[in-house]
Amino acid sequence: MTVTEETAPASHYDRIGGANSVKAAVELFYDKVLADPELAGYFADVDMAGQRRHLALMLTVVLGGPNEYTGRGLAEAHQPLNITVGHYAKVGEHLKVTLTELGVPADILADVQTVLGQVQGQVVAAGNRSGA
């Protein structure tokens, strides 16, 4: 193989199966979150079809897929919700369990966990950052 024939390594997005896999993950994830009595209230007045689309677009970007997200930034969308560290952790756990159930490889799970750690300050309300 020559240098010109080499291809870039597959993105996490491609490795898990692309758009269909992301959509399946988002569906299963929100089924778990909405069934969680501690978290369901955050979504009481939310257009869940739109919410699912937004998360699918954001998760696609996190996994190295095409960036077609044009929604609000994380802080703008989440700060008014007064999300606690404990609730953020529960959402992260639901995502981890979902991805594990769908057979996502450990290295991709680790990268998603890293991103969750990096964006926590944008999602958790400023007054709730020191504890649950």
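Our subject is the structure that appears above.
Report on the accompanying structure.

### Some details on unusual backbone geometry
Working step 1: Here the phi dihedral of Asn82 falls at roughly 55 degrees; this positive angle occurs in a residue that is not glycine.
Working step 2: Position of Asn82 relative to the elements: it lies in the loop between α4 (74-78) and α5 (85-101).

### Focus on the nonpolar core
Working step 1: In terms of nonpolar packing, the biggest core is built from 20 residues, with Val22, Tyr30, Leu63 and Leu99 touching the most fellow members.
Working step 2: In terms of residue count, the dominant contributor to this core is helix α2 (residues 19-35) (six residues).
Working step 3: Contact partners of Tyr30, with chain neighbours within four places excluded, come to Phe43, Met48, Gln51, Arg52 and Leu55.

### Quick notes on the pattern of salt bridges
Working step 1: Tallying each qualifying case throughout the model produces six salt bridges.
Working step 2: Arg52 is the partner of Asp31 in a salt bridge, and the nearest nitrogen-oxygen pair spans 3.9 Å. Here the residue Asp31 occupies a position in helix α2, and Arg52 occupies one in helix α3 (residues 48-62), the gap between them amounting to 21 residues.
Working step 3: Its relative accessible area of 15% is what places Arg52 among the buried residues.
Working step 4: Between Lys90 and Glu38 there is a salt bridge; the shortest N-O distance is 3.3 Å. Taken together, the residues Lys90 in helix α5 and Glu38 in the loop between α2 and α3 connect sequence positions 52 residues apart.
Working step 5: Here the salt bridges share partners, and the residues they tie into one network are Glu27, Asp31 and Arg52.

Calculation rules
- Residues numbered from 1 in each chain as written.
- Predicted model: local features only at pLDDT ≥ 70, side-chain atom pairs only at ≥ 80, totals over all residues.
- Heavy atoms only, no water.
- Helix = DSSP H or I, 4+ residues; strand = E, 2+ residues; numbered from the N terminus.
- Core = buried A, V, L, I, M, F, W, Y, C linked by side-chain atoms within 4.5 Å.
- Buried < 20%, exposed > 50% of the residue type's maximum accessible area, 1.4 Å probe, protein only.
- Contact = heavy atoms within 4.5 Å.
- Salt bridge = Lys/Arg side-chain N within 4 Å of Asp/Glu carboxyl O.

The values are spatial; any link to function lies outside them.
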